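# An overview of the molecular structure
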Amino acid sequence: MWLLPVPDQLEVLILGALATLVTGSLSGRALSRYSSSVISTAAFAASFYITLVQFLNGYSTTFGPEEGIPGSVIVIDQFSNFLSLVVLAIFVFSSIYSAGYIGERHTEYFSLLLVLAIGMLGVFYAGDAISFFIYWEVMSLGSYLLVAFNYREWEAVEASLKYLIMSSTGSAALLFGISLLYGLSGDLTFAGMRGVLASEAVSRETWSVAAFAFVIGGLAVNAAVAPFHFWLPDAHPAAPSPVSALLSGVVIKTGVYGMLRFLLNVFPLEQYGWQLGLLMLGLVTMSVGNLMAALQDDIKRLLAFSSIANIGYIVFGLSLGNQFGLVGSILHVLNHAVAKALLFLSAGSFIHTFHTRSLDELSGAGKSLPVTGITYTIGALSLAGLPGLNAFVSEYIIIAGALASPFWPFAVVMVLNVLIGAMYHLRVIQTIFLKPPQVANPKTAREPGFSMLLPMVLLAVAAVVIGIYPSPFLAAAEAALRALPLVR
């Protein structure tokens, strides 16, 4: 048996990364741009297809080394596949967009995209804590390097350094927490840990509580849960816009995934009583994110703080523990990924054309770039909670879950946060469409190329389709939820 088993989805991405490096190294600059983008997009699309087939067929399995032989354990279930589908879809769109956006070092860039995806999918499919941590570090390494991709700009260097320090601190806390769990349980598989930690006596031990704090705290750093969110408003704006779409759209969801897996499969609620604490973290995170977003003039910083707020919505829904809350949160992972990727890619189009991130300087930009303005508006109205667009569905379900729970008074806090979010998203729409043009050469500005426009239009269509016809996506979220009670 292999000591490090690899799912088919990951094999495709690994082969894609190697092929991108080889072809990029052997070809000239002009050809490497084409070959790298085509190979990476094809790898993401093939991995997406494999995952989609598994999800539609309800494929679920566990594999690894034979009993008694140390090695990695891989668990494939509906929840892992659902999140992998969300992640891979956004990677496909970002890869296509990047072909027109990234102007240099294409082999390096697309290889790092594939490394980032490999780390994320590995986290989703890991069935033991060490495999989880190894893939977590692969993901983190890809993230650091992509944030610092524009290393000639001091902002990118500073942001990546801050991200490195914060994320490394979180990873160290996570590793220490895992070591404590191994000391308590003598097992590194999630199923084996839970079997021991479910004991009332063990759950009350000081080291057990310390392990809980270190693991959840370490994961919360990556998820940008307040008060561990300080790295995100600098890292996401400094990265290239397609990378920002990935970081805000899907990478921070990996931290939420880790929190959910450990909370439900390692630290039973009955013994650890984490529900109220998680609820408070969700409320604080959404409030901090929305209030700070409302104060921003930089369009990418505004979107970054908005991502923090939406992580708060997801954490709040998970803390409710009922069907509505959990399904709403899982669906919001998808809806926020679609809307936020759409917003960052549309913002990237404005920045690529007018070379500014200031909202004041982008006044009237939507008149010069009408397609980009419309796609941005659809994404903004979605996160503002407009009925008929995708984010409204999941936000409504989370609020319904709160009203049906013992924590129903806190539904008011989320409603107020959604209204604050609507306020600043509408402010941006007003700025780019209704204010007098302040952008340079407003009459001669042209829409970006086809490779940048296509992902924006497709994401805008997805936001409308999910909002109008949410039933299949709700069913998919419910199928993913049914996999969570499985002990791993």
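For the structure itself, look to the data block above.
First, a word on what this report is: a plain description of the structure on this page.

Calculation rules
- Residues numbered from 1 in each chain as written.
- Predicted model: local features only at pLDDT ≥ 70, side-chain atom pairs only at ≥ 80, totals over all residues.
- Heavy atoms only, no water.
- Helix = DSSP H or I, 4+ residues; strand = E, 2+ residues; numbered from the N terminus.
- Rg over C-alpha atoms; globule rule 2.2 N^0.38 Å.
- Buried < 20%, exposed > 50% of the residue type's maximum accessible area, 1.4 Å probe, protein only.
- Contact = heavy atoms within 4.5 Å.
- Areas by Shrake-Rupley, 256 points an atom, 1.4 Å probe, with all protein chains shown as cover.
- Salt bridge = Lys/Arg side-chain N within 4 Å of Asp/Glu carboxyl O.
- 1 Å grid on protein atoms, 1.4 Å probe; cavity = no way out; pocket = protein on both sides within 12 Å on 5 of 7 lines; lining within 4 Å.
- Points joined across faces, edges and corners; volume = space filled by probe spheres on them.
- Nonpolar A, V, L, I, M, F, W, Y, C, P; charged D, E, K, R; others polar.
- Patch = residues over 30% accessible without salt bridge, like charges linked within 9 Å, V, L, I, M, F, W, Y side chains within 5 Å.
- Expected span 1.5 Å × (residues − 1).
- Arc of directions from axis to C-beta.
- Polar contact = N/O pair within 3.5 Å; in protein donor to acceptor, adjacent residues only side chain to side chain.

Another point: the overall build of the chain. Check the secondary structure of the chain and you find 21 helices and two strands. For the chain, the C-alpha radius of gyration of 22 Å lies close to 23 Å, the compact-globule estimate for 488 residues. The principal-axis extents of the C-alpha atoms in the chain amount to approximately 70 × 60 × 45 Å. Counting only residues that meet the buried cut, the chain has 60% of its 488 residues in that class. For the chain, the share of sequence-separated contacts (at least 6 apart) that also reach a separation of at least 24 residues comes to 81%. Put simply, the chain shows about 18000 Å² of open surface, and 70% of that area lies on carbon and sulfur atoms.

A word on the pattern of salt bridges. Counting across every chain of the model gives five salt bridges. A salt bridge links E108 to R105, with the shortest nitrogen-to-oxygen separation between them at 3.0 Å. Among the ionic pairs, D234 bridges to K162, the shortest N-O distance being 2.4 Å. Remark: K162 occurs in helix α6 (residues 154-185) and D234 occurs in helix α10 (residues 232-238); sequence separation between them is 72 residues. Connected through shared salt-bridge partners, K162, D234 and R301 make up one network.

Another aspect to go through is the layout of surface pockets. Vacant regions in the atomic arrangement are exposed by a probe of water-molecule size rolled over the atoms. Its volume calculated, the largest pocket comes out at about 530 Å³. Lining of the largest pocket is provided by 22 residues; of these, F48, L85, A89, L334 and F473 occupy positions nearest its centre. For the lining of the largest pocket, the element with the most residues is helix α3 (residues 78-101), which contributes seven residues. Counted by class, the lining of the largest pocket contains 22 nonpolar, no polar and no charged residues. Of the voids in this model, the second largest pocket is the one considered here, and its volume is about 350 Å³. Every element with two or more residues in the lining of the second largest pocket is listed here: α10 and α15 (323-354). Here the residues of the lining of the second largest pocket sort into eight nonpolar, four polar and five charged.

What follows is about a nonpolar patch on the surface. Taken together, the side chains of V371, V457, V461 and V465 define a hydrophobic patch exposed on the protein surface, amounting to about 270 Å² of accessible area. Tallying contributions element by element places helix α20 (residues 450-468) first for the nonpolar patch, with three residues. Inspection of the secondary structure puts V457 in helix α20. Accessibility expressed as a relative area gives 36% for V457, which makes it partly exposed.

Turning next to helix α1 (residues 8-26). A rise of 1.5 Å per residue sets the reference length of α1, with its 19 residues, at 27 Å; its end C-alpha atoms lie 27 Å apart and thus fit the reference within 8%. Taken together, the buried positions of α1 are occupied by Q9, L10, L13, G16, A17, T20 and G24. With its buried residues spanning 115° around the axis, α1 presents them on a single face. Exposed residues lying more than 90 degrees from the buried face of α1 are L15, S25 and L26.

Note on placement: S37 falls in helix α2 (residues 29-56). Beyond its immediate stretch of four places on either side in the chain, S37 contacts S95, A99 and F110.

On to the environment of R427. Residue placement: R427 occurs in helix α19 (residues 411-433). Judged by relative accessible area, R427 falls into the partly exposed class, the value being 28%. When the C-alpha positions of R427 and E361 are compared, they lie 14 Å apart, and in sequence the two are 66 residues distant. Once residues within four sequence positions are removed from consideration, R427 is found in contact with A293, A294, Q296, L302 and L359.

Helical geometry note: an α-helix holds 3.6 residues per turn, so side chains three or four residues apart project in the same direction. If you check helix α5 (residues 129-147), its first and last C-alpha atoms are 27 Å apart, about what 19 residues at 1.5 Å a residue would give, namely 27 Å. Its side-chain oxygen at 3.3 Å from the backbone nitrogen of I130, D128 defines the N-terminal cap of α5.

On to empty space enclosed by the protein. Scanning the model with the defined rule gives four cavities of 30 Å³ or more in all. Roughly 80 Å³ of volume is contained in the largest cavity. Lining the largest cavity we find F79, L83, K253, V256, Y257, L260, I314, L318, S329, I330 and V333. When residues of the lining of the largest cavity are assigned to their parent elements, the largest contribution, four residues, is made by helix α11 (residues 241-265). For the lining of the largest cavity, a count of residues per class yields nine nonpolar, one polar and one charged. Size it by volume and the second largest cavity reaches roughly 70 Å³. Of all elements in the fold, only α11 and α14 (299-320) reach the threshold of two or more residues within the lining of the second largest cavity. The element that contributes the greatest number of residues to the lining of the second largest cavity is α11, accounting for five residues.

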